[in-house]
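Chains, contacts and geometry: an overview
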Amino acid sequence: MLQRESNPVVHLELHTGDLSAAREFYAQACGWRSERIEAGSRTYLALEMGNGLGGGVVECQTSQPLWLPYVEVPEIGSATERARELGAGVLLEPREGPAGWRSVVAAPAGGEIAFWQSKCYKK
């Protein structure tokens, strides 16, 4: 069996309709400190989760809150296309942001993940 090197989860993002309740719960339950960041018309909380793992909370209209893991990849287009070949639905095609590129896919067996390619990716 061919063994592939695994890609690390580098960021966890909570999508929720109640930013304030999420901030309070995770601060008290986990000791995660947050920093409010204005992002256009939305509010985003950056979370300090420890051990080098970044995190955040996005306030959005969602019927059910969900955690979205960001998996670092060396090339966003290839990772997204490979997921599509494996049967994933592409919810967000690769898109550039200030620090890198991301895409979001829905796995055929359930669950969603974001692929992340940093503008300063090193392997």
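Structure report, in brief. (Residues numbered from 1 in each chain as written. Predicted model: local features only at pLDDT ≥ 70, side-chain atom pairs only at ≥ 80, totals over all residues. Heavy atoms only, no water.)

The next point concerns the overall build of the protein. When its secondary structure is counted, the protein shows two helices and eight strands. Starting at the N terminus and ending at the C terminus, the protein contains elements arranged as β-α-β-β-β-β-α-β-β-β. Taking 123 residues into account, the globule formula puts the C-alpha radius of gyration at 14 Å, and the protein, at 15 Å, falls close to it. Reported as C-alpha extents along the three principal axes, the dimensions of the protein are approximately 45 × 30 × 30 Å. Within the span of the protein, comprising 123 residues, buried residues form 33% of the whole. (Helix = DSSP H or I, 4+ residues; strand = E, 2+ residues; numbered from the N terminus. Rg over C-alpha atoms; globule rule 2.2 N^0.38 Å. Buried < 20%, exposed > 50% of the residue type's maximum accessible area, 1.4 Å probe, protein only.)

Quick look at the nonpolar core now. In terms of nonpolar packing, the biggest core is built from nine residues, these being Leu14, Leu19, Ala22, Tyr26, Trp32, Leu45, Leu47, Met49 and Val57. Listing elements by their share of this core, those giving two or more residues are helix 1 (19–30) and strand 3 (42–48). Top contributing element to this core by residue count: helix 1, with three residues. When sequence neighbours within four positions are dropped, the list of residues in contact with Leu14 reads Ala22, Tyr26, Gly56, Val57, Val58, Pro65, Leu66 and Trp67. (Core = buried A, V, L, I, M, F, W, Y, C linked by side-chain atoms within 4.5 Å. Contact = heavy atoms within 4.5 Å.)

As a further point, take helix 2 (residues 76–85). Every buried residue of helix 2 is accounted for by Ile76, Ala79, Thr80 and Ala83. Taken around the axis of helix 2, the buried residues stretch over an arc of 95°, which confines them to a single face. Each element contacted by the buried residues of helix 2 is listed here: strand 6 (89–96), strand 7 (100–106) and strand 8 (112–118). Where helix 2 begins, the side chain of Glu75 points an oxygen toward the backbone nitrogen of Gly77, at a separation of 3.2 Å. A positive backbone phi angle near 100° is found at Gly87, which sits one or two residues after helix 2. (Arc of directions from axis to C-beta. Polar contact = N/O pair within 3.5 Å; in protein donor to acceptor, adjacent residues only side chain to side chain.)

So, about unusual backbone geometry. Within the chain, Asn51 stands out as a residue other than glycine whose phi angle is a positive 55°. Within the secondary structure, Asn51 is located in the loop between strand 3 and strand 4 (54–59). With a relative accessible area of 89%, Asn51 lands in the exposed category.

Let us now look at the sheet that holds strand 3. Read across the sheet, eight strands follow the order 2-3-4-1-5-8-7-6 without closing on themselves; strand pairing throughout is mixed. Strands with a single pairing partner mark the edges of an open sheet, and in this sheet they are strand 2 (33–39) and strand 6. Taking the axes of each pair of neighbouring strands and ignoring which way they run, one obtains an average angle of 20° across the sheet. Examined bridge by bridge, strand 1 (residues 9–16) and strand 5 (residues 66–72) share six bridges and lie antiparallel to one another. (Pairing = 2+ DSSP bridges. Axes fitted to C-alpha atoms, helices over the stretch in contact; angles between N-to-C directions.)

Turning next to the pattern of salt bridges. Per the counting criterion, the structure on display carries five salt bridges. For Arg84, the salt bridge goes to Glu81, with nearest N and O atoms at 3.2 Å. One end of the pair, Arg84, and the other, Glu81, are both in helix 2, three residues apart, so they sit about a helical turn from each other. Judged by its relative accessible area of 33%, Arg84 falls in the partly exposed class. By relative accessible area, Glu81 is classed as partly exposed at 35%. The salt bridge partner of Glu96 is Lys119, with a shortest N-O separation of 2.8 Å. With Glu96 in strand 6 and Lys119 in the segment after strand 8, the pair connects residues that are 23 residues apart, well separated along the chain. Residue Lys119 is classed as partly exposed on the basis of its relative accessible area of 42%. Connected through shared salt-bridge partners, Glu81, Arg84 and Glu93 make up one network. (Salt bridge = Lys/Arg side-chain N within 4 Å of Asp/Glu carboxyl O.)

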